[in-house]
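Commentary on secondary and tertiary structure
Listed below are the residues making up each chain.
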Amino acid sequence: MNKIYLWGIIFTAAMLGFTYMSFDFKHGLSDIVNQLAIAGAIALVLISVFVVIKYVRQMQTDTADGQLAAEKWDGIGEYLNELPMGWAIMFFLTMIWGMWYFTIGYPVNAYSQIGEYNEDVRAHDAKFTAQYGSITGDRLVEMGESVFLAECKVCHGLTADGIDGKAANLNKRIEVKSVKYTILNGSNNGLMGMEMPMPDRNGLFNGNSGALITDAEIDAVSAYVANGMTGAGADVFAGTCASCHGEDGKGMEYVAPNVAQFTPALVTNILNHGKKAAIGTMPKFDRLNAKQKEAVGAYITSLSK
Amino acid sequence: MENRPLEYDYTVTKMFMFMTIVLGIVGMLIGVILAFQLAYPGVNTILGEGLAEYTNFSRLRPLHTDSVAFGFTLSGIFAAWFYIGQRVLKVSMAESKFLMFIGKLMFWLYAVGVVAIVVSLFMGITTSKEYAEFEWPIDIAIVIIWVLFGISIFGLIGIRREKSLYISVWYFIAGFLGVAMLYLFNNMEVPTYFASGGVGSIMHSVSMYSGTNDALVQWWYGHNAVAFVFTVPIVAMIYYFLPKESGQAIYSYKLSLLSFWGLMFVYLWAGGHHLIYSTVPDWVQTMGSIFSVILILPSWGSAINMLLTMKGEWQQVASSPLIKFMVLGSTFYMFSTLEGPIQAIKSVNAIAHFTDWIVGHVHDGTLGWVGFMIMAALYHMAPRVFKRELYSKSLMATQFWIQTLGVVLYFTSMWIAGITQGMMWRAHDEFGNLAYSFIDTVTVLHPYYTIRAVGGLLYLVGFIMFAYNIYKTMSARPVEEYELQNASPMGA
Amino acid sequence: MFHWLEKHPFFFAVGVFLVIAFAGLVEIVPNFVQASRPVIGTAPYSTLELAGRHVYIKNSCNACHSQLIRPFKSETDRYGHYSLSGEYAYDRPFLWGSKRTGPDLMRVGNYRTTDWHENHMKDPAGVVPGSIMPAYRWMFTNKADIDTAYAEQLTVAKVFSTPYNKPVPMKDGSTVTVKMGSNVAEANAMALAEAKVIAADMKGQDVKDAVAAGKIPEIVALIAYLNSLK
Ligand code: HEM
Ligand code: HEM
Ligand SMILES: [Ca+2]
Ligand SMILES: [Ca+2]
Ligand SMILES: [Cu+2]
């Protein structure tokens with residue numbers, strides 16, 4: 001066989017193989033854009049190989065002839081050959097096609113990319129809500145993990161450990177320094193879903209002692225909360241914090257959040273309002289929908305259980 | 001006297017040949033560094049933490065694009081003009097003191113411009129617009145250089161003996177006019193120092209256009225800068241060097257004619273393909289796509305004309321590495337001018353835009369077509385301007401295969417990387433959430449970035465072999481006594 | 001005709017020029033005015049933000065980052081609402097980019113925060129394992145060029161009537177007035193006030209000290225700019 005065909009076949013096979021390798025079969029099969037892109041890639045390979053082989057064959061077997069023009073430039077002559085037919089026809093056809101496309105096929109304002117987008121989103125949302133709108137339990141946690149890995153891991157890390165203190169460690173409800181910071185500075189992140197601040201130390205009375213909370217008490221209660229509501233600060237908590245956060249620290253609806261453990265409601269609130277405290281600032285996440293927030297809440301809750 | 005061939009004066013050609021090689025090495029070396037930085041980010045601090053400001057990817061990238069496009073490529077084009085121009089117009093630079101002076105002045109201003117650009121880009125003085133990064137004082141210098149180039153072209157044409165213009169000259173004229181028009185309009189900017197009555201940096205300027213308009217003008221420019229730097233003048237070169245080197249006549253005048261005017265007409269309309277799914281009006285995007293597809297034909301016209309010029313001459317292709325460069329060059333030209341239009345189709349662009357598939361496309365054109373053609377041109381010119389035999393044919397052949405392998409590694413790896421990443425960005429998982437965070441789509445590319453870097457390195461190695469071959473040609477071989485007709489003489 | 005043109009270079013050149021020139025007009029002119037009209041909710045950049053934008057440009061962040069969200073579900077999920085033409089009304093130059101080696105940053109202010117940027121710009125791979133973004137440590141010591149940012153404000157206010165010191169409508173019906181200093185000293189003072197707000201949320205003591213001493217490191221300006229991208 002002629003070497004050039006062999007090269008053509010090798011090249012085609014290799015490029016088609018590479019294209020096959022790059023295709024995301026797991027997620028991409030039903031996406032029309034993916035299909036068209038691949039079709040384009042394949043067409044590119046096939047047309048190029050076919051055409052190049054055609055001309056190489058002409059170099060190998062044909063001979064140059066025709067009538068030469070009278071003039072020469074620095075010794076370069078020009079044949080007066082006719083246009084290659086295939087080329088001329090294709091040129092003509094693409095121009096006709098172009099005019100058709102622009103005037104009849106898709107006249108100036110017939111297409112709107114935003115219109116197309118809106119339809120896409122509607123279809124996507126409909127499919128999504130129908131199939132997964134009501135999942136619960138482990139499936140919900142699984143979904144939450146998928147949101148977490150796409151959206152949250154850049155700050156909280158793959159294992160939600162907070163990357164050396166750069167963001168909150170979500171495997172644990174809260175750390176000493178965060179509790180302490182909250183007591184010292186108060187907190188006003190809208191975590192209860194509304195403006196409902198927690199007062200700073202100057203507003204925090206210890207009911208047991210009847211006085212403003214002291215530094216030693218702050219240290220104790222911080223350790224108590226961070227250790228999962230165990231240890232020495234129990235009495236301070238009962239005297240100062242329980243009125244809002246509840247005896248067990250599990251929070252009270254409309255009053256104060258759960259400081260004993262994560263709950264989906266707490267996470268949802270944080271995602272709605274963001275949180276700025278000891279470690280840094282956590283942004284709010286408007287672009288997640290309610291189900292996604294619920295799911296990631298379930299996932300985070302599952303981490304520290 | 002009358003019957004002796006004209007004594008052409010190649011002083012300016014030689015100067016620009018030298019510049020082509022130097023800037024080629026610099027530009028491609030930076031390209032290789034960039035490629036390794038993406039594969040191994042540690043390379044960002046290759047000269048230490050202290051110099052990282054000047055050696056990191058983002059500071060170097062514009063240096064790469066500008067030094068290969070406006071350094072390597074333009075110098076090659078200038079060298080070729082000052083060679084081809086004299087010969088096809090049948091007039092020697094030696095005949096006009098004025099043109100000689102303009103040519104030299106242009107070179108020296110250009111050299112100063114290169115230094116200014118390198119320094120300013122290293123310092124981070126840039127307007128950020130791709131291929132138009134230079135701040136206003138450099139813009140002014142560039143305009144002056146361009147005017148001198150115009151004088152060189154039209155001056156030589158003015159005193160020509162050959163009444164009608166050869167095809168290459170058409171393309172040089174078009175290249176000159178195109179860049180002039182594009183550059184002026186895209187660089188409309190207001191220097192803030194003067195407008196504010198002397199506050200802040202004197203180098204800084206602000207674009208006359210804002211947002212979407214700025215994007216439209218920029219890509220009207222950017223696309224056509226590709227046309228009038230990477231395409232039109234390179235076509236001018238192949239129309240001269242291929243028939244000249246092979247001794248064959250151009251296959252068809254008619255095809256030359258239709259391809260030329262077709263290209264001129266169609267190219268300018270296609271710029272919208274850089275702005276698909278952006279905020280420019282839908283019809284501008286559609287127009288860009290349509291004209292891109294039509295553009296295949298006038299582009300292929302020239303390439304086909306070249307391949308058919310070699311009809312029946314396979315033995316030349318097989319035996320001469322110099323002709324191989326040009327034949328493979330036109331093949332890559334065909335490949336990238338089919339690839340571009342396919343990437344310009346809306347749905348394909350939805351995947352390809354912003355990914356490495358575009359970078360692959362860029363380098364099919366620049367490495368396989370522009371680079372190969374410029375090296376071929378210099379190889380053809382060297383024995384004639386230095387009056388020596390080319391130093392080594394086998395070195396040239398080795399170089400050809402090394403670089404071809406380099407290009408193949410480059411574009412296959414970017415092909416895979418681009419399509420993979422494009423699809424991962426779009427993917428949703430079974431729950432309707434994004435399937436991948438951005439970083440997942442970055443780490444997956446590591447092997448391809450490595451392969452690309454190796455491919456680029458091979459290309460650079462080939463280029464250094466080329467530089468060496470030319471250097472040895474200049475300095476070592478015996479003198480040629482006679483004007484060479486076609487095929488270049490080569491040592492073993 | 002073509003043969004004739006090939007013998008008459010002047011007319012040849014005119015012919016070529018005419019053929020290439022008018023496509024530009026058709027492409028650019030029809031939408032020129034409309035595209036530059038700001039949408040409601042878009043305000044000009046403050047002095048510090050503009051200085052940060054210059055840092056972004058100086059370091060060619062646009063070589064790796066786009067600022068253009070295309071109308072695809074996958075992009076709006078990842079980056080937020082697709083881009084609108086009028087949102088770029090005060091962008092000179094535009095910074096859409098053409099390559100996404102890193103993610104889009106059009107609305108990064110919505111979902112990344114000051115301290116995160118601080119950590120990330122200092123050591124990207126330390127925050128995002130596997131990141132190939134270079135570290136930009138020198139930004140923590142280089143000083144931002146406030147004067148030039150102010151010069152640009154003066155220029156755009158004068159030449160393009162960019163509405164500084166004028167109320168600009170917001171989406172919720174309110175208005176915002178972006179102030180511009182009336183002289184260089186005032187502009188610097190205003191930028192410093194902005195910088196203090198940013199520095200308060202940062203962790204690095206060096207940066208805090210510099211700002212307290214009246215100097216503005218590039219990183220502070222850059223973060224002000226990144227936070228403004230919404
Ligand atoms: C028929 C001819 C061609 C068409 C229709 C075409 C089309 C395109 C398209 C659609 C893009 C991508 C825009 C994007 O999505 O970002 C592109 C980018 C590019 N092409 Fe081509 N292309 C053609 C020929 C060439 C040739 C021959 C070269 C070089 C030798 C070239 C160099 C480039 C460059 C440098 C870019 C990158 C621009 C950027 O910085 O974003 N193109 N082209
Ligand atoms: C040794 C060979 C070369 C290597 C290794 C190389 C490598 C690179 C790399 C790594 C990039 C950045 C891509 C990115 O941002 O992801 C790039 C961009 C680019 N290079 Fe090269 N390059 C080489 C030669 C050339 C030559 C010879 C030319 C032109 C004649 C060229 C023109 C360009 C252009 C126009 C871009 C910008 C592409 C875009 O924005 O889409 N390169 N190159
Ligand atoms: Ca400029
Ligand atoms: Ca680009
Ligand atoms: Cu283009």
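Everything numeric here is computed off the predicted structure, so don't read it as measured data.

Around ligand 2 lies a shell of 25 residues, among which B:Arg61, B:His64, B:Glu130, B:His363 and C:Lys99 are the nearest. Ligand 2 is flanked by residues contributed from chains B and C. One nitrogen or oxygen atom from the side chain of B:Glu130 is found 2.8 Å from an oxygen atom belonging to ligand 2. The set of elements that each furnish at least two residues to the shell around ligand 2 consists of helix H1 (11–39), helix H3 (57–89), helix H14 (356–386) and helix H17 (446–475) of chain B. Grouping the amino acids of the shell around ligand 2 by side-chain chemistry returns 13 nonpolar, seven polar and five charged.

A cluster of nonpolar side chains, namely A:Met85, A:Ile89, A:Met90, A:Phe92, A:Leu93, A:Met95, A:Ile96 and A:Met99, defines an oily patch on the protein surface of about 810 Å² accessible area. Given the relative accessible area of 47%, A:Leu93 is considered partly exposed.

Our focus in this paragraph is the interface of chain C and chain B. Between chain C and chain B, the contact holds 84 residues from the first and 96 residues from the second. Between chain C and chain B, roughly 7,700 Å² of surface is buried when both sides are summed, and carbon and sulfur atoms account for 68% of that area. Summed over the shared surface of chain C and chain B, the number is three salt bridges. Note that B:Glu53 is salt-bridged to C:Lys58, the shortest N-O span being 3.9 Å.

Bringing the packing of helix H4 (residues 47–58) of chain C against helix H9 (residues 184–200) of chain C into the picture now. Residues and elements named next belong to chain C. Contact pair H4 / H9: the axes reach a minimum separation of 8 Å and the direction vectors enclose 80°. Overall, the two elements H4 and H9 adopt an arrangement that is roughly perpendicular. Contacts between H4 and H9 involve Thr47, Leu48 and Glu49 from the former and Ala187, Ala191, Glu194 and Ala195 from the latter. Considering only residue class, the contact of H4 with H9 consists of four nonpolar, one polar and two charged.

Turning our eyes to something else, we now look at the environment of B:Asn187. Residue and element names in this part refer to chain B. As for its placement among the helices and strands, Asn187 is situated in the loop between helix H6 (167–186) and strand S1 (189–191). Note: C-alpha distance between Asn187 and Val206 (19 residues apart in sequence) is 9.8 Å. Asn187 has contacts with Ala132, Phe134 and Asp139, leaving out every residue within four places of it along the chain.

Moving on, we get to the coordination of the copper ion (ligand 5). A metal bound by six donors in octahedral fashion has ideal angles of 90 or 180 degrees, whereas one bound by four tetrahedral donors has an ideal angle of 109.5 degrees. Residue and element names in this part refer to chain B. The protein atoms donating to the copper ion (ligand 5) are His223 (ND1), His273 (NE2) and His274 (NE2), with metal-donor distances spanning 2.1 Å. One chain supplies every donor for the copper ion (ligand 5), spaced along it as H-x49-H-H. The distance between the copper ion (ligand 5) and the iron atom of ligand 1 is 4.5 Å. Taking the relative accessible area as the measure of exposure, His273 reaches 16% and is therefore buried. By relative accessible area, which is 26% here, His274 ends up partly exposed.

What follows covers the interface of chain A and chain C. Contacts between the two partners involve 21 residues from chain A and, on the opposite side, 21 residues from chain C. In total, about 1,800 Å² of surface goes out of reach between chain A and chain C, with carbon and sulfur atoms giving 54% of it. When the area that chain A buries against chain C is broken down by residue, the three leading residues are A:Tyr117, A:Val154 and A:Arg287, summing to 34%. At the surface where chain A touches chain C, the tally comes to two salt bridges. The shortest N-O distance in the salt bridge between A:Asp125 and C:Lys73 comes to 3.7 Å. At six residues, helix H5 (residues 113–132) of chain A tops the list of elements feeding residues into the side of chain A that touches chain C. Tallied by class, the residues present in the side of chain A that touches chain C amount to eleven nonpolar, four polar and six charged.

Our focus in this paragraph is the site of ligand 1. Taken together, 27 residues surround ligand 1, and among them B:Glu130, B:Tyr131, B:Asn349, B:His353 and B:His361 come closest. Near ligand 1, the surrounding residues belong to chains B and C. In the model, an oxygen atom of ligand 1 is placed 2.9 Å from a nitrogen or oxygen of the B:Asn349 side chain. A distance of 3.1 Å is found between an oxygen atom of ligand 1 and a side-chain nitrogen or oxygen belonging to C:Ser98. Contributions of two or more residues to the shell around ligand 1 are made by helix H8 (211–246), helix H10 (282–309), helix H12 (321–344) and H14 of chain B. Residues belonging to the shell around ligand 1 are distributed by class as follows: eleven nonpolar, 15 polar and one charged.

This next bit is on the domain arrangement of chain A. When cut into domains, chain A gives domain 1 (3–62 + 83–111) and domain 2 (135–303). One C-alpha centre belongs to domain 1 of chain A, the other to domain 2 of chain A; they are set 57 Å apart.

Residue and element names in this part refer to chain B. Relative to each other, helix H9 (residues 253–267) and H10 sit at 150°, their axes nearing to 9 Å. Relative to H10, the element H9 lies roughly antiparallel. The interaxial crossing formed by H9 with H10 has left-handed handedness. Listed contacts from H10 to Leu255, Ser256, Ser259, Gly262, Leu263, Phe265, Val266 and Tyr267 of H9 are Phe291, Ile294, Leu295, Pro298, Ser299, Gly301, Ser302, Ile304 and Asn305. Class assignment for the residues of the contact of H9 with H10 results in ten nonpolar, seven polar and no charged.

On inspection of all chains with the given rule, the structure shows 29 salt bridges over all chains. One salt bridge in this structure joins A:Arg139 and B:Glu430, with 3.5 Å as the shortest N-O distance. Remark: B:Glu430 occurs in the loop between helix H15 (393–426) and helix H16 (438–443) and A:Arg139 occurs in helix H6 (residues 137–156); the pair is interchain, linking two chains. We classify A:Arg139 as partly exposed; its relative accessible area is 31%. It is possible to trace a salt-bridge network through shared partners that takes in B:Glu53, B:Arg59, C:Lys58 and C:Glu218.

Aromatic ring pairs are reported here in terms of the distance separating the ring centres and the angle at which the planes meet. Using the criterion set out here, one finds 71 aromatic pairs over all chains in the structure. Between A:Tyr20 and A:Phe25 the ring centres are 5.0 Å apart and the planes differ by 50°, which places this aromatic pair in the tilted class. A:Tyr20 gets classed as exposed once you look at its relative accessible area, which sits at 58%. By relative accessible area, which is 39% here, A:Phe25 ends up partly exposed. For the pair B:Phe400 and B:Trp401, a centre-to-centre distance of 4.9 Å together with 80° between the ring planes defines the contact as edge-to-face. The exposure class assigned to B:Trp401 is exposed, which follows from its relative accessible area of 52%. Site record: aromatic cluster; members linked through ring pairs are B:Phe16, B:Phe78, B:Phe82, B:Phe107, B:Trp108, B:Tyr110, B:Trp146, B:Phe149, B:Phe154 and B:Phe176. Over the ring of C:Phe72 we find B:Arg426, and its NZ or CZ is 5.2 Å from the ring centre. The ring of C:Trp116 carries the charged tip of C:Arg112 above its face, separated from the ring centre by 5.0 Å.

Okay, the domain arrangement of chain C next. Interface size is often expressed as the accessible area that is lost when the parts come together. Considered domain by domain, chain C is made up of domain 1 (2–35) and domain 2 (47–228). On a C-alpha basis, the centres of domain 1 of chain C and domain 2 of chain C stand 40 Å from each other.

Here we take up H4(C). All names here are of chain C. When the terminal C-alpha atoms of H4 are compared, their 16 Å separation across twelve residues agrees well with the 16 Å that a helix rising 1.5 Å per residue should span. The buried count for H4 comes to eleven of twelve residues, which makes it a mostly enclosed element. Among the residues of H4, those classed as buried are Thr47, Leu48, Glu49, Leu50, Ala51, Gly52, Arg53, His54, Val55, Tyr56 and Ile57. The secondary structure elements touched by the buried residues of H4 are helix H8 (146–159), H9 and helix H11 (218–228). Among the residues trailing H4, Ser60 stands out with phi positive, at a value near 50°.

Conventions adopted
Residues numbered from 1 in each chain as written. Chains lettered and ligands numbered in written order. Predicted model: local features only at pLDDT ≥ 70, side-chain atom pairs only at ≥ 80, totals over all residues. Heavy atoms only, no water. Near = heavy atom within 4 Å. Polar contact = N/O pair within 3.5 Å; in protein donor to acceptor, adjacent residues only side chain to side chain. Helix = DSSP H or I, 4+ residues; strand = E, 2+ residues; numbered from the N terminus. Nonpolar A, V, L, I, M, F, W, Y, C, P; charged D, E, K, R; others polar. Patch = residues over 30% accessible without salt bridge, like charges linked within 9 Å, V, L, I, M, F, W, Y side chains within 5 Å. Areas by Shrake-Rupley, 256 points an atom, 1.4 Å probe, with all protein chains shown as cover. Salt bridge = Lys/Arg side-chain N within 4 Å of Asp/Glu carboxyl O. Buried < 20%, exposed > 50% of the residue type's maximum accessible area, 1.4 Å probe, protein only. Contact = heavy atoms within 4.5 Å. Buried area = accessible area lost by both parts, 1.4 Å probe. Axes fitted to C-alpha atoms, helices over the stretch in contact; angles between N-to-C directions. Parallel < 35°, antiparallel > 145°, perpendicular 65-115°, else oblique. Donors = N, O, S within 2.8 Å, 3.2 Å for Na, K, Ca; no water. Domains from an automatic or database assignment. Left-handed = near helix turned anticlockwise from the far one by under 90°. Phe/Tyr/Trp six-rings, centres within 6.5 Å; stacked < 30°, edge-to-face > 60°. Lys NZ or Arg CZ within 6 Å of the ring centre and 35° of its normal. Expected span 1.5 Å × (residues − 1).

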